[in-house]
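Tertiary structure, described
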Amino acid sequence: MQQKYWLSMGLMMSFGLAPLASAANPVENEFETSLSGFSCDRQIVGDAIKTANDGGGRMSIGIDNARIVNQAGVIIRPLSYDVRLERYKDLVFITDQNQKIGLLDLCDDAIVTAPKFDQISGFSSDGFAIAFTPTEFTALDASGAEIPPRRFKHQFTLSTFNAFPKAGWGDSWKSQRGLIPFSWDGESWGLYDLNGRTIRTEPQFEAIYPDRRYGGLRDDDPLYFKVVDGDKQSFIDSSTGTLALPFIFVEIDKIVAFGGKRYGLGSLGPKVVGRGKRINAYDIANNRFLLPLDSEFDQIRPIDSYGLSPRLWAVGRYIQDQMSLGLFEEDSGNFLIPPAAFQGDRIQWLRDDLFIFSRINDRSSAVFSATDGAQLTGYDQGSGYQGLSLAKNGASVPFHVLHNKMHNTFWIYGSQHTLILEGITGDDPEPRIENGLFVFTERPSRKRYEQRTTCLNSDYQIVGNRFDCNPELVGTSSVPQPEFGWVASLPCDHKMFNRKKNIAAQAHIDVSSTYCDSTGCYDERSLVDGDRSDEVGFATSWASDGQDGGFVEFSWRRPYQGMEQIYFVGSWQKRVENYKIEVSTVSGWKTVADVQKNDDNKVCHRFPPTDVSVVRISGTGSDDDSRRLRLNEVVIR
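How each quantity is defined
Residues numbered from 1 in each chain as written. Predicted model: local features only at pLDDT ≥ 70, side-chain atom pairs only at ≥ 80, totals over all residues. Heavy atoms only, no water. Helix = DSSP H or I, 4+ residues; strand = E, 2+ residues; numbered from the N terminus. Buried < 20%, exposed > 50% of the residue type's maximum accessible area, 1.4 Å probe, protein only. Contact = heavy atoms within 4.5 Å. Areas by Shrake-Rupley, 256 points an atom, 1.4 Å probe, with all protein chains shown as cover. Pairing = 2+ DSSP bridges. pLDDT = per-residue confidence, 0-100. Core = buried A, V, L, I, M, F, W, Y, C linked by side-chain atoms within 4.5 Å. Salt bridge = Lys/Arg side-chain N within 4 Å of Asp/Glu carboxyl O. Disulfide = S-S within 2.5 Å. 1 Å grid on protein atoms, 1.4 Å probe; cavity = no way out; pocket = protein on both sides within 12 Å on 5 of 7 lines; lining within 4 Å. Points joined across faces, edges and corners; volume = space filled by probe spheres on them.

Moving on to the overall build of the chain. Across its full length, the chain carries 3 helices and 49 strands. Across the 637 residues in the chain, those meeting the buried criterion constitute 52%. Look at the contacts in the chain between residues 6 or more apart in sequence, and 46% of them connect residues 24 or more apart. When the accessible surface of the chain is summed, it comes to about 29500 Å², and 47% of that surface belongs to carbon and sulfur atoms.

Put into structure tokens, the structure is as follows:
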């Protein structure tokens, strides 16, 4: 009987039998996985190290039997280390046979940090990583060198590295603007400045927690770190290293950015039966609490008004197990709507000056105007209103939209909340600009195949008849074309693939950081793998691991001539909410788009053909995960 034998790649190499890659035998077909995107003509390939199958499949987290190959697939040499599926610029995380971790500079072919640590966090956007031994930790710079003059102490259990009992940084410890918590004995904590190699705050606190940066922040805004002293909490100003207020909070829930200011939200006292938790908000810049100190509320949170005034807060208290919400105006210090007047579980800002009240008892919601209190819609049960903005990407398109998600029906409003088009049935209410007209595509009935067009001029007037408009025949009025920071915006050409290729896959890719969890790493290779699905997961997505979003850069050796369109896909339910797209041209960096409160998961920007050498996309995620930038695919033509 004929016997069959299977030879591993490692065994074949030991006999000199391993085939080299060729055009007919590309390297990606020879090996299970690879790590690429380096600045030199190299990548790492090998067998995949995978997690156990917990029912959702096995996930690749590293490379075994690793080899260094060039872009042609020719093997340069094998590696005697396992490799983590994560890199920082040209640095690779390597693990020896004793499971100690170090760093390899792939392009210089040199070990810059010997494998001697039990854990090394990913690099933060400011170029530092935190490395741990069982009793000590230190910081590494981008050259792999230790920064502090001596190592710090900790009392963490590295086998349960996901839950730090004291400092609360978790296993993704990252420096924030070069600041990290440190301790000489593992019990008292302060702040250490890695850039200045100096102590910012002397160790004196039981624990320090990072500034989670809820809400948008400018780069020059100070950070605030929550600190614990016994049963009281406060926060310190990163710029001075001193307490921003006395230890008065029993528990600080979060520190938020709102309306250009920072606030600490938390409880001033324990929960007492029949009374509120004394939740309050502390205005750090003006050194004051928003509500009286004896207020007894169970909830306070900012209502994002998208830069408009006044600053409004949802304030509520439980009454007989039901939340009673009100609307508080910060500038006047008064309630626009008293909490006792409304039974509901949330107040949500939509767009412009609209907000939605949701009622608990019948699960209904209605839309109101914040300027005059006018009720724009009835309390529709299960309506699920969602505000959609047609003032996209800085363009002056004078529309906003209310969307009934249950029935997929839209209402188009103009200025002063004037209802223009009622009950549009369709999938997308966004108009296109054609021959000087705003052209809406509608379905006059529930029949999906039935498509009609309705045209509006710049005075919000229907041109011709509703459901019956040919913009090529009637387009005469002038609709201003929206402009971005440096070029006029052009309508996206979704058939551009017929005449121009996608050059993103040919670019060198740099990212601010890469998020990894127990299942794997959200590697930047997913950005150019051709999969445009919006599924969430490291198999389809790249995600940053910073505290304030992240960035990705696509660069080419020579400027690409005539670039004119950038398209990207986000992750489902974790869209890119705030983002900026910049390009490097012969005359310097230019801004293509600067978008806040984006609602689209698939984004496209087109501009006049321009010679570009670098494309940079930076931003933050949605409210529930704003610290990470997540992208599934980027197409550049």
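Moving on, there is more to tell.
For a regular strand, side chains alternate in direction, first toward one face of the sheet and then toward the other. Burial analysis of strand β21 (residues 261–267) places 7 of its 7 residues in the buried class, the great majority of the element. Burial along β21 is two-sided: K261, Y263, L265 and S267 and R262, G264 and G266, pointing in opposite directions, are all buried. Two elements, strand β20 (residues 251–258) and β21, share 7 bridges in a ladder whose sense is antiparallel. By the bridge assignment for β21, I255 is matched with G264. Linking β20 to β21, which pair antiparallel, is a turn of 2 residues; within it G259 sits at a positive phi near 60 degrees. With 5 bridges connecting them, β21 and strand β22 (residues 279–283) associate as antiparallel partners. For L265, the partnering residue across the bridge sits in β22 and is A281.

Time to look at the confidence of the model for the chain. Mean pLDDT over the chain: 75, with 69% of residues reaching 70 or higher. No element of the chain has a lower mean pLDDT than helix α1 (residues 9–14), at 31, and none a higher one than strand β7 (residues 101–105), at 95. Counting contacts from residues 1–29, a segment whose pLDDT is below 50, to residues more than four positions away or on other chains yields 27 contacts. Long-range and interchain partners of residues 391–396, a stretch whose pLDDT sits below 50, account for 11 contacts in this model, where long-range means more than four residues apart.

Here we take up the nonpolar core. It is characteristic of soluble globular proteins that their nonpolar side chains tend to be buried jointly. Judged by nonpolar contacts, the single largest core of 30 residues is most densely connected at F554 and V615. Of all elements in the fold, only β40 (508–511), β44 (550–569), β45 (578–585), β46 (588–595), β47 (602–620) and β49 (633–636) reach the threshold of two or more residues within this core. At 7 residues, β44 tops the list of elements feeding residues into this core. Once residues within four sequence positions are removed from consideration, V615 is found in contact with V552, E553, F554, W556, M563, I566, E582, V583 and I636. Ranked by size, the runner-up nonpolar core spans 22 residues in total, among them L158, F182, W189 and I208.

Right, let's talk about the pattern of salt bridges for a bit. Applying the stated criterion to the full structure yields 19 salt bridges. Residues D283 and R288 are paired through a salt bridge, measuring 3.7 Å at the closest nitrogen-oxygen approach. Since its relative accessible area comes to 0%, D283 is described here as buried. Here R288 falls in the partly exposed class, since its relative accessible area comes to 33%. The structure contains a network of salt bridges with shared partners spanning K116, E136, E146, R151 and K153.

Right, let's talk about the sheet that holds strand β39 (residues 462–463) for a bit. Judged by pairing direction, the sheet is antiparallel, and its 4 strands sit side by side in the order β36-β37-β38-β39 without closing on themselves. On the outer flanks of this sheet lie β36 (432–434) and β39, each paired with one strand and no other. Bridging between strand β38 (residues 452–456) and β39 involves 2 bridges; their strand directions are antiparallel. Paired with L456 across the strands is I462, a residue of β39.

Here the structure, examined in full by the defined rule, presents 2 disulfides. Across the disulfide, C40 is cross-linked to C107 (sulfur-sulfur distance 2.1 Å). Here C40 and C107 share a disulfide; its torsion about the S-S bond, -85 degrees, makes the bridge left-handed. Of the two residues, C40 is situated in the loop between β1 (33–35) and β2 (43–50) and C107 in the loop between β7 and β8 (110–117); the sequence distance between them amounts to 67 residues. Accessibility expressed as a relative area gives 23% for C107, which makes it partly exposed. Note on cysteine connectivity: C492 is disulfide-linked to C604, with sulfurs 2.1 Å apart. Its S-S torsion of about -110 degrees marks the bond between C492 and C604 as left-handed, since a negative value means left-handed. Residue C492 is found in the loop between α3 (471–474) and β40, and its partner C604 is found in strand β47; the two are separated by 112 residues along the sequence. A relative accessible area of 26% means that C492 is categorised as partly exposed.

The next thing to look at is unusual backbone geometry. In this structure, K89 takes a positive phi of about 55 degrees despite not being glycine. Relative to the assigned elements, K89 resides in the loop between β5 (82–88) and β6 (91–95). Judged by relative accessible area, K89 falls into the partly exposed class, the value being 49%. Positive phi is not limited to glycine here, since R177 has a value of about 50 degrees. Taking the relative accessible area as the measure of exposure, R177 reaches 32% and is therefore partly exposed.

All right, on to empty space enclosed by the protein then. Taken as a whole and assessed by the stated rule, the structure comprises 1 cavity of 30 Å³ or more. Volume-wise, the largest cavity comes out at about 40 Å³. E86, R87, Y88, F93, F123, V511, S512, S513 and T514 are the residues that line the largest cavity. Take the lining of the largest cavity: its biggest share by element is 3 residues, from β5.

Burial analysis of β7 places 5 of its 5 residues in the buried class, the great majority of the element. Neither face of β7 is left uncovered, since the one carrying I101, L103 and D105 and the one carrying G102 and L104 both have all their residues buried. With antiparallel pairing between neighbouring strands as the criterion, β6 and β7 make up a hairpin whose turn holds 5 residues, including Q99 at a positive phi of roughly 65 degrees. Pairing geometry for β7 and β8, over 4 bridges, is antiparallel. By the bridge assignment, D105 is partnered in β8 with A110. What sits between the antiparallel neighbours β7 and β8 is a turn of 4 residues, in which D109 has the positive phi angle 55 degrees.

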